[in-house]
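For reference, the chains in residue letters:
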Amino acid sequence: MIRSDDIFETIRMFQDEKLDVRTVTLGLNLDDCSSPVLAQLLDKIQAKIVGTAGNLVRATREVERTFGIPVTNKRIAVSPIARVAAGHGPDALVKVAERLDTSAAEVDVDLIGGFSATVEKGMTPTEAALFTCLPEALSVTGRVCSALSVASSRAGINMDAVLRAGQTIRDTADADRANDGFVCAKLVVFANIPEDNPFMAGAAHGVGEADAVINIGVSGPGVVHRALQRLIERAGSGTNAAENRLTLADIAEEIKVTAFRITRVGELIGRELAQKLGLSFGIVDLSLAPTPQIGDSIGEILETMGIAKIGESDRFVHFGGRIPAPLHSLRN
Amino acid sequence: MSPPSHILTVLTPDRRGIIATIMSLLDRKDIKVMELSQTVVRDYFTIILVLHCANGSVADALAHELETALSAGARVTLVEYLSGRAQVTLGERYILTASGDASRGVVHAFAEIVANRGGNFSDLSTREDGERLTILAEIDLPSEDALEQLQIDLERAGTETGLQVRLQHHRLFVATNEVAFRRFADDS
């Protein structure tokens, strides 16, 4: 039997704290699409994406309806394209990006990640070609995202790759000058890239993953922030202030319970969706990244816990205390 | 397993020892309790018990003896258990919650809506605390189509009554409140 206050606690996460599942991301292995013939490579990529993800959006909407939980984004993360398209040059890689884009549009997902290269120890000719083609590939596509892994704790930092990544960011911004270089929001440079990251622009389907797997991203800071505020209010409303004084253990307990609930929402959606699609369920990523919504930030959690000020919010004073619109987009 | 033979209900002002009194009498009469549910609503104790009583003549006197044992103010009923009479809605279980300013007829309105969409209340509690009303219900729904329609109807009723209404799948609350993750609806 579920206690009524536990039921209302869960309801509050959706009703007042706007908890949602930020992303459902289908991780998809494209290694079996490799071909030295470009046309075959492109067709195999499209066939695999459409064949596996054709029902992703419909099934996600069904799960949203059943559980009454909104899913903000539906996405695909494919194997790093520099590996899938090994042996091809920059022009061919742009064609691959375009085919990824049209395939993503065909299955109606928001974004497709994995136009990526993993170069923390060295760079193959195709990985070098991917760096070269990125400004054009990202500019001519709408949904394609790219992640460049240039360092890891085990291998160290590939400084040549860091230099090329820096140049690539500048060139990509230049290629999208008309939009203030906004296309760079689809490009991420990583150290220690996760193999199963569901969040964009850094999502890619790494080595060691199943052929197709459902990964879930949930956003936590807003709900944790409000849970802590309520805890503090409850403690402050008692008659005996000394008895009600919160300890770090009380705060840790509240964060633990809230994080459990948020993560379980993601797990429920992920398992249900994987079952519907006949795929494996992968992971739930509880994001601490801020969103443009007020209060949805790890910094505000720390401030609620008693830290005087986090970050560089003074900078925003010049904008009347509000974050300018272009920065909203980059922080989402 | 012995089949149920009677349903016993008791309503009485709450005090210590009521369950002990009931169980003591049932034990003395060798009546087996197969299932029970008990709660206290606004200081009133209520209990419903499903019994197996091998000797029908023993059961006949049970209600009167129990009223005497529980003292004045207790209301006891005993009816024969009729199997196969329930018309249960098969389907998925949902939790309905509503909260807001109390007004007459709200529960009636929600109950009508649920019934019209083929839903069946398996558990319902309401509480009026001053001006504020809280409704919490478990509802079994026959289909996904019924869910969609019911959500639309409840949303409209919520707007009209000023109550915040939500209808969400039972498994959501199991997932967010129980440590073990249940993969299937009947995995309890």
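As shown above, the structure is provided for reference.
The model shown is predicted, which means the values in this text are computed figures rather than measured ones. (Residues numbered from 1 in each chain as written. Chains lettered and ligands numbered in written order. Predicted model: local features only at pLDDT ≥ 70, side-chain atom pairs only at ≥ 80, totals over all residues.)

Undergrad: How would you summarise the overall build of chain A if you had to cite specific residues and measurements?
TA: A count of helical and extended segments in chain A gives 11 helices and 9 strands. For 332 residues, the compact-globule formula gives about 20 Å, and the C-alpha radius of gyration of chain A, at 22 Å, lands near that figure. Projected onto the principal axes, the alpha-carbon positions of chain A cover approximately 75 × 50 × 40 Å. Each of the 332 residues in chain A was classed as buried or not, and the buried ones make up 43%. (Helix = DSSP H or I, 4+ residues; strand = E, 2+ residues; numbered from the N terminus. Rg over C-alpha atoms; globule rule 2.2 N^0.38 Å. Buried ≥ 20, exposed ≤ 12 C-beta atoms within 10 Å, placed from the backbone.)

Undergrad: Can you break down the interface of chain A and chain B residue by residue, with the values?
TA: Across the contact, 18 residues belong to chain A and 18 residues belong to chain B. Contributing elements (two or more residues each) for the side of chain A that touches chain B: helix 1 (4–15), helix 3 (56–67) and helix 9 (248–277) of chain A. Tallying contributions element by element places helix 1 of chain A first for the side of chain A that touches chain B, with 7 residues. Its residues assigned to classes, the side of chain A that touches chain B shows 7 nonpolar, 5 polar and 6 charged. (Contact = placed C-beta atoms within 7 Å. Nonpolar A, V, L, I, M, F, W, Y, C, P; charged D, E, K, R; others polar.)

Undergrad: Account for helix 5 (residues 144–161) of chain B, with residues named and values stated.
TA: Owing to its 3.6 residues per turn, the α-helix brings residues three or four apart onto one side. Residues and elements named next belong to chain B. Here helix 5 contains 18 residues, and its C-alpha end-to-end distance of 25 Å stays within 8% of the 26 Å for a straight helix at 1.5 Å per residue. Among the residues making up helix 5, those that are buried are Ala146, Leu147, Leu150 and Leu154. Angular distribution of buried residues about the axis of helix 5 spans 90°; they occupy a single face of the element. Summarising the geometry of helix 5, the exposed residues directed more than 90 degrees from the buried face are Asp145, Glu148, Ile152, Arg156, Thr159 and Glu160. Taken together, the buried residues of helix 5 touch helix 4 (106–116), strand 7 (132–141) and strand 8 (164–169). Looking one or two residues past helix 5, Gly162 carries a phi angle of roughly 80°, positive in sign. (Expected span 1.5 Å × (residues − 1). Arc of directions from axis to C-beta.)

Undergrad: A description of the environment of Thr141 of chain A should follow, citing residues and the corresponding values.
TA: Following the sequence through the fold, Thr141 of chain A ends up in the loop between helix 6 (125–139) and strand 5 (144–152). On a C-alpha basis, the gap between Thr141 of chain A and Val188 of chain A in space is 16 Å, while along the polypeptide they are 47 residues apart.

Undergrad: Go over the packing of helix 2 (residues 38–53) of chain A against helix 5 (residues 90–106) of chain A with me, naming the residues and quoting the values.
TA: Residue and element names in this part refer to chain A. Where helix 2 contacts helix 5, the two axes come as close as 9 Å, and the packing angle between them is 25°. As judged from the angle between their axes, helix 2 and helix 5 are roughly parallel. When you trace helix 2 past helix 5, the crossing you get is right-handed. Contacts between helix 2 and helix 5 pair Leu38, Leu41, Leu42, Ile45, Gln46, Ile49 and Val50 from the former with Ala92, Lys95, Val96, Arg99, Leu100, Ser103 and Glu106 from the latter. Of the residues that constitute the contact of helix 2 with helix 5, the class distribution is 9 nonpolar, 2 polar and 3 charged. (Axes fitted to C-alpha atoms, helices over the stretch in contact; angles between N-to-C directions. Parallel < 35°, antiparallel > 145°, perpendicular 65-115°, else oblique. Left-handed = near helix turned anticlockwise from the far one by under 90°.)

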